[in-house]
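Structure assessment
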Amino acid sequence: MEIKAVFNAQELTDLAKKRFQEERSLNHLEGWFLAKEIQRECDERFKDEKDCIRIARTQAEVMKNIPVQIGDYHVFAGTQDDSFARSYALINPEFTVDSFCGYCDPVAVFGDIAPFGDITQERIDELKEYNNHTPYADALRKAYDIAGDATSEAVFFIEQVTGHLIPDVRRLLAVGTKGLKEEIMRNKNACQDERREYFEAMKLSLEALEILADRYASLADEKEKMASGKDKERLRLMKETLKKVPREGANNLFEAIQSFILIWQAMCLEQTPNPFAFSVGNADRIFEPYRAKTNMSREVAAALFKHLLVFFNVADRSWAISQNLIVGGKSNDGEDLTNLCSYALLDAYYDMNLPQPILSVKLHKNTPQELYESLGRFFFTPGCLTPSLFNDDSLFPILKARGVSQEDLEDYSVAGCQEPLIMGKDNGNTTNSWLNLGKILELCINGGISLITGKRLGKTDEENGCKSKLEVLQNIREIFYNNVEEFADRMAASANAASEAVSLLEVPFLSVMMGGAESGIDVRDTKKQGTKYNGSGCLIHGLSVVADSFIAIDTLLRERPEDAQRMVDALNNNFEDDPQMHQYLLSCPKFGNNIEAVDSEAKKIAERVSDIVSSKKNYLGNPFRCDYATPSTHLLYGYWVGATPDGRKSRDMLGYGVDPLYGEAHSGLGFRVLSGMHLPYEKMSGGYASHFGINPNYFKADTFEKKGIEFRDKIIGPLFYNPANNGIQPFYLYVNVTTPDMLRKVLENPKKYAPSGVYIMRIHGTFVNFLDLSPAIQEDIITRLDIESTSF
Amino acid sequence: MTLKIFQKGFNYSQDGRGNRLVYHMQGCNMRCPWCANPEGMKMDGVILTDKEWLRDGLCPKGAVKDGRLDRTECEVCKERACLDPKYRNKGIRLSFEEKPIEEIYEEIISSSPMFYDGGGVTFTGGEATMQFDALKELLIRLKSAGIHTAVETNGSHVRLPELFPYVGQLIMDCKHWNGETHMKYTGVPIDTVLENIRRAALEHGAVDIRIPLIGGVNDSVRDMEEFICLFETMGKAHVTFEILKYHEFGKNKWEECGWRYKMDERAHVTAGQIKQFQKMIVNHGLNYKRS
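Predicted model only: the values in this text are computed from it and were never measured. (Residues numbered from 1 in each chain as written. Chains lettered and ligands numbered in written order. Predicted model: local features only at pLDDT ≥ 70, side-chain atom pairs only at ≥ 80, totals over all residues. Heavy atoms only, no water.)

**Notes on the overall build of chain A**
For clarity, the threshold we go by: Only DSSP runs of H or I with at least four residues qualify as helices, and only runs of E with at least two residues qualify as strands; both kinds are numbered from the N terminus onward. What the globule rule says is 2.2 Å times the number of residues to the power 0.38, and the radius of gyration is computed from C-alpha atoms. Each residue's exposure class comes from its accessible area (1.4 Å probe, protein chains only) as a fraction of the maximum for that residue type: buried when under 20%, exposed when over 50%, partly exposed otherwise. Note on contacts: a residue pair is in contact if any heavy atoms of the two residues lie within 4.5 Å. Only the protein chains shown count as cover for residues, with accessible areas throughout obtained via the Shrake-Rupley method and a probe of 1.4 Å. Positive charges come from Lys and Arg alone, negative charges from Asp and Glu alone, with His and the N- and C-terminal ends not counted. Taken as the charge location is NZ of Lys, CZ of Arg, CG of Asp or CD of Glu.
Each helix and strand in chain A was counted, giving 28 helices and 17 strands. In terms of overall size, chain A behaves like a compact globule, its C-alpha atoms giving a radius of gyration of 26 Å where 792 residues would be expected to give roughly 28 Å. Based on the C-alpha atoms only, the size of chain A along its principal axes is roughly 85 × 65 × 50 Å. A buried classification covers 67% of the 792 residues belonging to chain A. Taking the intrachain contacts of chain A between residues at least 6 apart in sequence as the baseline, contacts between residues at least 24 apart amount to 78%. For chain A, the exposed surface amounts to about 25,900 Å²; the carbon and sulfur share of it is 48%. Chain A carries 89 positive and 114 negative side-chain charges, and their two centres are separated by 3 Å.

**Let's talk about the interface of chain A and chain B**
So the rule is basically this: Throughout, the accessible surface (probe 1.4 Å) given up by two parts as they are put together, summed over both, is called the buried area. Here, a salt bridge means any side-chain nitrogen of Lys or Arg that lies within 4 Å of a carboxyl oxygen of Asp or Glu. The term polar contact refers here to a pair of N or O atoms within 3.5 Å; inside protein, the definition further demands a hydrogen-donor-capable atom paired with an acceptor-capable atom, and it admits residues adjacent in sequence only when both atoms are side-chain atoms.
With 28 residues of chain A in contact, the opposing surface of chain B contributes 24 residues. Of the roughly 2,200 Å² buried between chain A and chain B on both sides combined, carbon and sulfur atoms contribute 60%. Inspection of the region where chain A meets chain B yields 2 salt bridges. Where chain A touches chain B, the interface holds 9 residue pairs in polar contact (both at pLDDT 80 or more).

**Observations regarding the sheet that holds strand E15 (residues 732-737) of chain A**
Pairing between the strands of a sheet is mediated by backbone hydrogen bonds and can be parallel or antiparallel. Residue and element names in this part refer to chain A. Applicable threshold: DSSP bridges decide pairing: two strands pair if at least two such bridges lie between them. To obtain an axis, a line is fitted to C-alpha atoms, over the contacting stretch when the element is a helix, and the angle between two such axes runs from 0 to 180 degrees between their N-to-C directions.
The 6 strands are arranged E2-E3-E4-E5-E15-E14 in an open sheet whose pairing can be described as mixed. Looking along the sheet, the strands with just one partner apiece sit at the ends: strand E2 (279-282) and strand E14 (691-694). Adjacent strand axes in the sheet meet at a mean angle of 25°, parallel and antiparallel pairs treated alike. Here strand E3 (residues 324-328) pairs with strand E4 (residues 358-363) via 5 bridges, running parallel.

**Considerations on the sheet that holds strand E2 (residues 19-25) of chain B**
Residue and element names in this part refer to chain B. Strands sit in the order E7-E1-E2-E8-E9-E10-E11-E12-E13 across an open sheet of 9 strands; the sheet is mixed. Each of the sheet's edge strands pairs with one partner strand only, and the pair in question is strand E7 (97-100) and strand E13 (287-288). As paired elements, strand E12 (residues 239-245) and E13 share 2 bridges and run parallel to each other. Residue pairing in the sheet places Phe 241 in a bridge with Tyr 288 of E13.

**Let's talk about the environment of Lys 245 of chain B**
Residues and elements named next belong to chain B. The residue Lys 245 is located in strand E12 in this model. Here Lys 245 falls in the partly exposed class, since its relative accessible area comes to 44%. Remark: the alpha-carbon pair of Lys 245 and Gln 273, spanning 28 residues in sequence, is separated by 9.6 Å.

**Quick word on the packing of helix H8 (residues 229-244) of chain A against helix H9 (residues 253-270) of chain A**
Residues and elements named next belong to chain A. Threshold: These descriptions rest on fixed angle ranges, namely under 35 degrees for roughly parallel, over 145 for roughly antiparallel, 65 to 115 for roughly perpendicular, and the rest for oblique. Each crossing gets its hand from how the near helix is turned against the far one by less than a right angle, where anticlockwise is left-handed and clockwise is right-handed. Polarity classes work like this: nonpolar for Ala, Val, Leu, Ile, Met, Phe, Trp, Tyr, Cys and Pro, charged for Asp, Glu, Lys and Arg, and polar for all others, with Gly in that last group.
The contact between H8 and H9 brings their axes to 10 Å, and the two run at 65°. Comparing the axis directions of H8 and H9 gives the class roughly perpendicular. Along this stretch, H8 crosses H9, giving a crossing that reads as right-handed. Seen from H8, the contacting residues are Leu 237, Thr 241, Leu 242 and Lys 244; seen from H9, they are Phe 254, Glu 255, Gln 258 and Leu 262. In terms of residue class, the contact of H8 with H9 is built from 4 nonpolar, 2 polar and 2 charged.

**What to know about the packing of aromatic side chains**
Definition in use: Two rings from Phe, Tyr or Trp (for Trp, the six-membered ring) form a pair when their centres are within 6.5 Å of each other. A pair whose planes differ by under 30 degrees is stacked, one over 60 is edge-to-face, and the rest are tilted. Whether a charge sits over a ring comes down to the Lys NZ or Arg CZ being within 6 Å of the ring centre and within 35 degrees of the ring normal.
According to the stated counting rule, one finds 39 aromatic pairs over all chains in the structure shown. Taking the centre distance of 6.1 Å and the plane angle of 45° together, the rings of Trp 34 of chain B and Tyr 185 of chain B count as tilted. Of this pair, Trp 34 of chain B sits in the loop between E2 and strand E3 (47-49) while Tyr 185 of chain B sits in helix H4 (residues 179-186), and the two are 151 residues apart along the sequence. Owing to a relative accessible area of 10%, Trp 34 of chain B belongs among the buried residues under this scheme. Here the aromatic residues Phe 260, Trp 264, Phe 278, Phe 287, Phe 305, Phe 311 and Phe 312 of chain A are joined through ring pairs into a cluster of three or more. The residue whose ring lies beneath Arg 560 of chain A is Tyr 584 of chain A, and the NZ or CZ to ring-centre distance is 4.5 Å. The positively charged end of Lys 714 of chain A is found above the aromatic ring belonging to Phe 699 of chain A, 5.4 Å away from the centroid.

**Quick look at the packing of helix H7 (residues 195-226) of chain A against H8 of chain A**
Residues and elements named next belong to chain A. At a minimum axis separation of 8 Å, H7 and H8 run at an interaxial angle of 155°. The angle between H7 and H8 falls in the class roughly antiparallel. For H7 against H8, the interelement crossing comes out left-handed. Judged by residue contacts, Ala 213, Tyr 216, Ala 217, Ala 220, Asp 221, Lys 223, Glu 224 and Lys 225 of H7 engage Lys 232, Leu 235, Arg 236, Met 238, Lys 239, Leu 242 and Lys 243 from H8. Considering only residue class, the contact of H7 with H8 consists of 7 nonpolar, no polar and 8 charged.

**Things to note about empty space enclosed by the protein**
With a probe scaled to a water molecule rolled over the atoms, the places where space remains empty come into view. Residues and elements named next belong to chain A. The condition that has to hold: Buriedness of a pocket was judged along seven lines, with at least five required to meet protein on both sides within 12 Å; pockets are open sets of points on a 1 Å grid over the protein atoms alone, cavities are sets where a 1.4 Å probe fits but cannot get out, and lining residues have an atom within 4 Å of a point. Grid points are joined across faces, edges and corners, and a volume is the space filled by probe spheres set on the points.
This model, assessed by the stated rule, comprises 9 cavities of 30 Å³ or more. Here the largest cavity defines a volume of roughly 160 Å³. Taken together, 18 residues line the largest cavity, and the ones lying closest to its centre are Asp 659, Arg 672, Gly 676, Tyr 681 and Ser 690. Considering every element that reaches the lining of the largest cavity, the biggest residue donor is helix H24 (residues 669-676), with 4 residues. In the lining of the largest cavity, the residues fall into 12 nonpolar, 4 polar and 2 charged. Quantified by volume, the second largest cavity comes out at close to 100 Å³. Met 653, Leu 654, Gly 655, Tyr 656, Asp 659, Pro 660, Leu 661, Tyr 662, Arg 672, His 691, Arg 784 and Asp 786 are the residues that line the second largest cavity.

**A closer look at helix H11 (residues 298-311) of chain A**
All names here are of chain A. What counts is decided by this rule: What a helix should span is 1.5 Å times the count of its residues minus one.
Its 14 residues give H11 an end-to-end C-alpha distance of 20 Å, which sits within 8% of 20 Å, the value for a rise of 1.5 Å per residue. With 12 of 14 residues buried, H11 is to be regarded as a mostly interior element. Considered for burial, the residues of H11 that qualify are Val 300, Ala 301, Ala 302, Ala 303, Leu 304, Phe 305, Lys 306, His 307, Leu 308, Leu 309, Val 310 and Phe 311. Of the surrounding secondary structure, the elements contacted by the buried residues of H11 are helix H1 (9-24), H9, helix H10 (283-294), E3 and helix H12 (340-352).

**Let's talk about the side chain of Ser 111 of chain B**
By secondary structure assignment, the location of Ser 111 of chain B is in helix H2 (residues 101-111). Leaving out residues up to four positions away in the same chain, Ser 111 of chain B has contacts with Asn 594, Phe 671 and Leu 674 of chain A together with Phe 10 and Leu 21 of chain B.

**Looking at the pairing of strand E9 (residues 433-436) of chain A**
Residue and element names in this part refer to chain A. Every second residue of E9 is oriented toward a common face, with Ser 433 and Leu 435 on one face and Trp 434 and Asn 436 on the other, all of them buried. Alignment of strand E1 (residues 156-158) against E9, held across 3 bridges, turns out to be antiparallel. Residue pairing in the sheet places Phe 157 in a bridge with Trp 434 of E9. Bridge count between E9 and strand E11 (residues 536-541): 4 bridges; the pairing is parallel. Across the sheet, residue Ser 433 finds its bridge partner in E11, namely Cys 538.

Put into structure tokens, the structure is as follows:
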């Protein structure tokens, strides 16, 4: 039986929409807690087994015991609800900038669950206590000990990375667990070393997936017996499908999506709770072969994809944030790879307009006009999600320079917000470390004393080789880069320790799809490299603030050298007693206005800092990858930075990604783009962030399709494919096409402007329901639209 | 040679074709009370203030008191220390920056990556031709560099035709058809303006004529008919006509300059009037343009 024999596209769509409403009505998440309890039991039960075997057997026990359900609107079985807690700060109404301290506490998640049913506070406390004394928790604490006081005010930050990978599901979809187990067994038999046990663990983890599928099949069978009419047919189809996949290879799109969903569920459960930012990769290429097998129409394919999209939304605020799905792009030979599934996925996204999963689109010079036409509706429908845009023509050479083989380039995709990784072959530990250039500059100017707390966090003037503030300012660049070097050393050491900690939690199921089926090595292994590519990420904050500050210092020393101490004093008390100095510094040239001196300074800083960071080695001796993205952390890290010489006041935000500081690029989009052309994107192989808030009134065409073309001509062409730009061109952009006035109206009167309760906005790499956000982040989005900087 | 520039930025297809870098040049010989860029009127510039940042102490001579600038003191002030770069601030600034044309030329060349869709550079004002010699020199250099140029002018400069060979697109305002009323509102005789428009229509290959439609000034049915009579004498294939609807976007700027904005609600024109005028232009076989 085929799906189209049971439902037409409209009926499938209706079910998907009801399923989403049902999911959004769920305001508690306990599955992760139950899974952790099972894990604790298994720690004891399988304590004599090798770690990987214990973990795989535990996964099987979780699959046997976790509650499963199939509701009235399910067309596919499977959920992510048991893998996530109600944790993610940006969509947590209780989030405040001043109270946030990162995701480093391994038991903080136990604060994100309240007693519910027979889950008592006592049970919660007990499990928390158990998890607070695992080898993993101890190892993680050691990592933070290495960092010392530096993380307390975010000079740098480190975290253990879960999620943030792009598994390659294609083989598993094609041959099923059965076929893959055979391959793993062959590799095991050919292996004579300790990896034999790891091959065994991967096989067990695939069997755990089969257990999950069997349980869903039995449940569908039970429910089918009680059902009638279309419901009966739906449940029968589900049962038949679940009996086949993921054990066998899929033979049509329906089976492929069902198989994918259970694979994803198992992968996330293996890391529960909160494996943020797993990404699908090029979903259009993954699913197109299965659609083509039955020549399924775009309309029906889109309707099925709507159910896939709903699967990525967890509970009342879509807590499984930053899971990324990409379409479009070119092949290694330069051919466009857009296919019918690309458009079907876009249709599904547009019609559903859900807070998750994130949509990204790969573009290149020969992207067909039809794709831009299809994107117009996203950019120009108020409150509609908008895709992140990637430039293949830039990313291919950048990744090649990073060491990616020619044959793997077309398989780059985006994990999390904007970090480019090779699907199934690349463990980039993307959010492993975070560096705050603004704070380092503050410490350099102020003799190592924090302007925020008065603590000594850096070197004294004497240690920096200076006898006066004038001397410090005269040598600020050298002092700054020396300090960056030293902090980066400490950062790398503690980040590596965090990776060592998380490597204790082996992930055999995930590893199957990350090269492990061939290598027999865990993706997190810190001694042997299990993936073809490996690195660790470093998110670098404060580029524009430091560039503007260096130029302001130069200007002051040139025009008013006698006021060097006065400036330092003004920074010390946040300009309270010296508003004239504040205005003087604010009036100095700023990045983003096509002013050669300051744009070149930003370039030099990005180059020098990138060279320093990428000279640091991770646990396998691979470089740290520079990522100039600040996923709302420009707010959080700015909160810990005192006043800076660019005139920025204490605790104000830093610049977002590589963008000019808010309000400083007031010459419009043209000059802003020209300034951006100076930046060394080839040094940003870990990614970067940039945002344009665009006034919709600049676009005059009368249809979405024509506006899509207008968007290509006015925004994408000049930015990504500028014939007069001889350097590596920018490769990333996200936009919000709206105005601050419009967003304030939405907040004031959500019933009028967002009657569905959903008004999607882009916020760094992800998109979110604007109405779900905490007030601080809502205000940040409005502020950062910075319409003046993108005016035409 | 230098040019005084009071504003610059990109716009798309509003002041010439494609994406353009637009320079607003200081100084205008007309005194239109509806002007959207009053800070560009005086050749010597004007001191602009920003209320948010205007603090006591910004003027070393104490002309800022209680958040207000006493402009009578500015009129007699020779030093103008508040404008010295050494005392940069955000509360007081001179309307323009003066730059050598070499520097402007370099900026234009470095901006050329953004001249997509046939774009280039546009000089407007104020009145661009008030700095005639420097402008001409720059236009000559840009033409040889292959940069598309446009000039937006009120058409009153007697030497305007000298620029024709170096201007890719000529945008000319036609504020009135009647000499007396033109003089009343702009302070400048109409004769040269009309002569230049006629010559441009004859000799220049790409001319856009713009009529700012202002309530009570040039928006009556008779005004429209007279405009049409005038345009019919110059309507060629390469001449377009565009109506610019009155707006009060410049109102705050008049206040920042320390001047009173004299226009009121009566200056607004209706969409119906615009449509009517547009229809008349089209019905007379003239090329109507909307940027």
